[in-house]
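# Architecture at a glance
Next come the chains, spelled out residue by residue.
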Amino acid sequence: MIIKNAKIVLKDEVIENGFIEFSKGKIVQVCKGRYFKKDNAVDAKGKIVMPGFIDVHVHGSAGIDFMDANIEDYKKISESLYNEGVTTYLATTLTSDNASLTKVCENVAKASEENPSLYGIHLEGPYISVKYKGAQNEKYIRKPDVKELKQLIKSSNGLVRYISLAPEYENACKFIKEAVKLGVVCSCGHTDATFKNVEEAMKAGLTNLTHTHNAMSPYHHRNPGVMNAAFYFDELNCELICDRIHVCDDTLKTFVKAVSPDRVILITDALKIKNSNIKEFQLFGLDCEAKNGAAYLKTGPLAGSLLTMDKGVINMKEVCGLSLCELAKISSYNAAKSLHLTDRGEIAIGKLADLVILDENLNVSEVYKLGERVR
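In this text, all values refer to a predicted model and were calculated from it rather than measured experimentally.

So, how was this worked out
- Residues numbered from 1 in each chain as written.
- Predicted model: local features only at pLDDT ≥ 70, side-chain atom pairs only at ≥ 80, totals over all residues.
- Heavy atoms only, no water.
- Helix = DSSP H or I, 4+ residues; strand = E, 2+ residues; numbered from the N terminus.
- Rg over C-alpha atoms; globule rule 2.2 N^0.38 Å.
- Buried < 20%, exposed > 50% of the residue type's maximum accessible area, 1.4 Å probe, protein only.
- Contact = heavy atoms within 4.5 Å.
- Lys, Arg positive; Asp, Glu negative; His and termini not counted.
- Charge placed at Lys NZ, Arg CZ, Asp CG, Glu CD.
- Salt bridge = Lys/Arg side-chain N within 4 Å of Asp/Glu carboxyl O.
- Pairing = 2+ DSSP bridges.
- 1 Å grid on protein atoms, 1.4 Å probe; cavity = no way out; pocket = protein on both sides within 12 Å on 5 of 7 lines; lining within 4 Å.
- Points joined across faces, edges and corners; volume = space filled by probe spheres on them.
- Nonpolar A, V, L, I, M, F, W, Y, C, P; charged D, E, K, R; others polar.
- Axes fitted to C-alpha atoms, helices over the stretch in contact; angles between N-to-C directions.
- Parallel < 35°, antiparallel > 145°, perpendicular 65-115°, else oblique.
- Phe/Tyr/Trp six-rings, centres within 6.5 Å; stacked < 30°, edge-to-face > 60°.
- Lys NZ or Arg CZ within 6 Å of the ring centre and 35° of its normal.

### Comments concerning the overall build of the chain
Looking only at helices and strands, the chain has nine helices and 22 strands in total. The C-alpha atoms of the chain give a radius of gyration of 20 Å, which matches the 21 Å a tight globule of 375 residues would have. With the C-alpha coordinates of the chain rotated into their principal frame, the extents come out at 65 × 45 × 40 Å. Residues counted as buried form 59% of the 375 residues belonging to the chain. Sequence separation of 24 or more characterises 69% of the internal contacts of the chain that already satisfy a separation of 6 or more. If you average the places of the 48 positive and of the 48 negative side-chain charges in the chain, the two averages end up 2 Å apart.

Structure representation (structure tokens):
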């Protein structure tokens, strides 16, 4: 199959007019210039083609939360996420009891067989800080437990890909070392860690920060916390919720300028009520409501976003003035690299034909997963 007359966004350059050929789910040719053969090639009519978006941190969509989704629900969520250009995602959990987490793991193991965009699981907790619990239920918070992690990995058939935890726990570095050996990306989140805690955790294998700025110890000139580490360590990949609510515009501009787009991973951290008409709901036992463009606990604090990935890309363009190549990095390439995925995240020969076609305003027009149109 061919997509012609396209503005193709590669990792480090933009082909102003070219075509992409893909076969059996993979890209086999990326060329500059016009495609002259008379066949059934898709005419992009000058629109932008970027690698499909990757969301490593999303809790649900279309009224469905991963914590209580059944096997059939995953198709609805996947289709909902296709509409915003997401071709790979991690089903993100909440801090909860072992039985609930096990159920999610078992369901993802089954659902992934029918949903190619479902790459695995992001365990957000339960090994987090009470002080920075945010919208996580405090009664389920516990210390890092390697035995439990191994059990969850087994229940998921090896699909636990990512975990957010607080590295200040006494046994956290030992846990991180074991998690990395098991193939799990470790991210610092919902944490009161010091700069030194993060530094030691990085030696153990920690590579990421969860929704940077939110639910973590702040930047301070005498008591350096996680945010100091975010600015200092070039090795850290930094998730960002770019809904212009969780992080204000001036902070977004400052942070992206300081760390560069090479370290930013755009996420939605969206809850089940996005792409739905739901206004009030429960977040694993906590009463929440949608208002002013985000989700809030009834007690006041932010609970999560209603952001879609395409809107996040638009926001980053408007706020930070990023180029198309930089937007492709923060929405796809950086996430793939963080997950050690070498088969997607950029438009190149041999990569999966996961593509999103956008108009000049970055609105989604078409989406392809493994070369098949899904939107």
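### Some words on the pattern of salt bridges
Working definition: two side chains of opposite charge can pair if their charged atoms are close together. By the definition in use, this model includes 20 salt bridges. In this structure, the salt-bridge partner of lysine 32 is glutamate 13, at a minimum N-O distance of 3.8 Å. Placement of lysine 32 in strand S3 (residues 26–32) and of glutamate 13 in the loop between strand S1 (2–9) and strand S2 (14–23) is noted, with a sequence separation of 19 residues between them. By relative accessible area, which is 61% here, lysine 32 ends up exposed. A salt bridge links lysine 196 to glutamate 199; the nearest nitrogen and oxygen atoms lie 3.5 Å apart. Here glutamate 199 and lysine 196 lie together in helix H5 (residues 195–204), a separation of three residues that amounts to about one turn. Glutamate 199 gets classed as partly exposed once you look at its relative accessible area, which sits at 22%.

### Digging into the pairing of S2
Examined bridge by bridge, S1 and S2 share five bridges and lie antiparallel to one another. Its bridge partner being in S2, alanine 6 is matched across the sheet by glycine 18. Hairpin connection, S1 to S2: the antiparallel pair is bridged by four residues. Examined bridge by bridge, S2 and S3 share six bridges and lie antiparallel to one another. The residue bridging isoleucine 20 from the neighbouring strand is valine 30, located in S3. Remark: two residues form the turn of the hairpin made by S2 and S3, two consecutive strands paired antiparallel; lysine 24 in that turn has positive phi of roughly 50°.

### Side note on the environment of isoleucine 153
Tracing the chain through its elements places isoleucine 153 in helix H3 (residues 146–155). What makes isoleucine 153 buried here is its relative accessible area of 14%. Setting aside residues no more than four positions away along its own chain, isoleucine 153 makes contact with Gly158, Leu159, Val160, Leu182 and Val184.

### So, empty space enclosed by the protein
Going through the model one piece at a time under the given rule, you end up with two cavities of 30 Å³ or more. Considering the residues around the largest cavity, the lining is formed by Pro51, Gly52, Ile54, Thr87, Thr88, Ser332, Arg344, Gly345, Glu346, Leu352 and Asp354. Considering only residue class, the lining of the largest cavity consists of three nonpolar, five polar and three charged. As a volume, the second largest cavity reaches approximately 40 Å³. Around the second largest cavity, the lining residues are Val9, Leu10, Lys11, Pro51, Ala328, Lys329, Tyr333, Gly345, Glu346 and Ile347. For the lining of the second largest cavity, the leading source of residues is helix H9 (residues 324–338), giving three residues. For the lining of the second largest cavity, the residue count by class is six nonpolar, one polar and three charged.

### Structural notes on the packing of helix H7 (residues 249–259) against helix H8 (residues 309–320)
Where H7 meets H8, the axes come as close as 9 Å, and the angle between the chain directions of the two elements is 80°. Judged by the angle between their axes, H7 and H8 are roughly perpendicular. Here Asp249, Leu252, Lys253 and Val256 of H7 lie close against H8, whose contacting residues are Met316, Val319 and Cys320. Its residues assigned to classes, the contact of H7 with H8 shows five nonpolar, no polar and two charged.

### Overview of the packing of aromatic side chains
Counted by the stated rule, this structure contains ten aromatic pairs. With 5.3 Å between their ring centres and 70° between their planes, phenylalanine 231 and phenylalanine 255 make a pair best called edge-to-face. One end of the pair, phenylalanine 231, is in helix H6 (residues 226–232); the other, phenylalanine 255, is in helix H7, and 24 residues separate them in sequence. Among the residues examined, phenylalanine 231 registers a relative accessible area of 30% and is labelled partly exposed. Through a chain of ring-to-ring contacts, the aromatic side chains of Phe66, Tyr74 and Tyr89 assemble into a single cluster. Above the plane of the ring of tyrosine 296 lies lysine 291, whose end atom (NZ or CZ) is 5.3 Å from the centre.

Distances and angles like these do not, on their own, reveal function.
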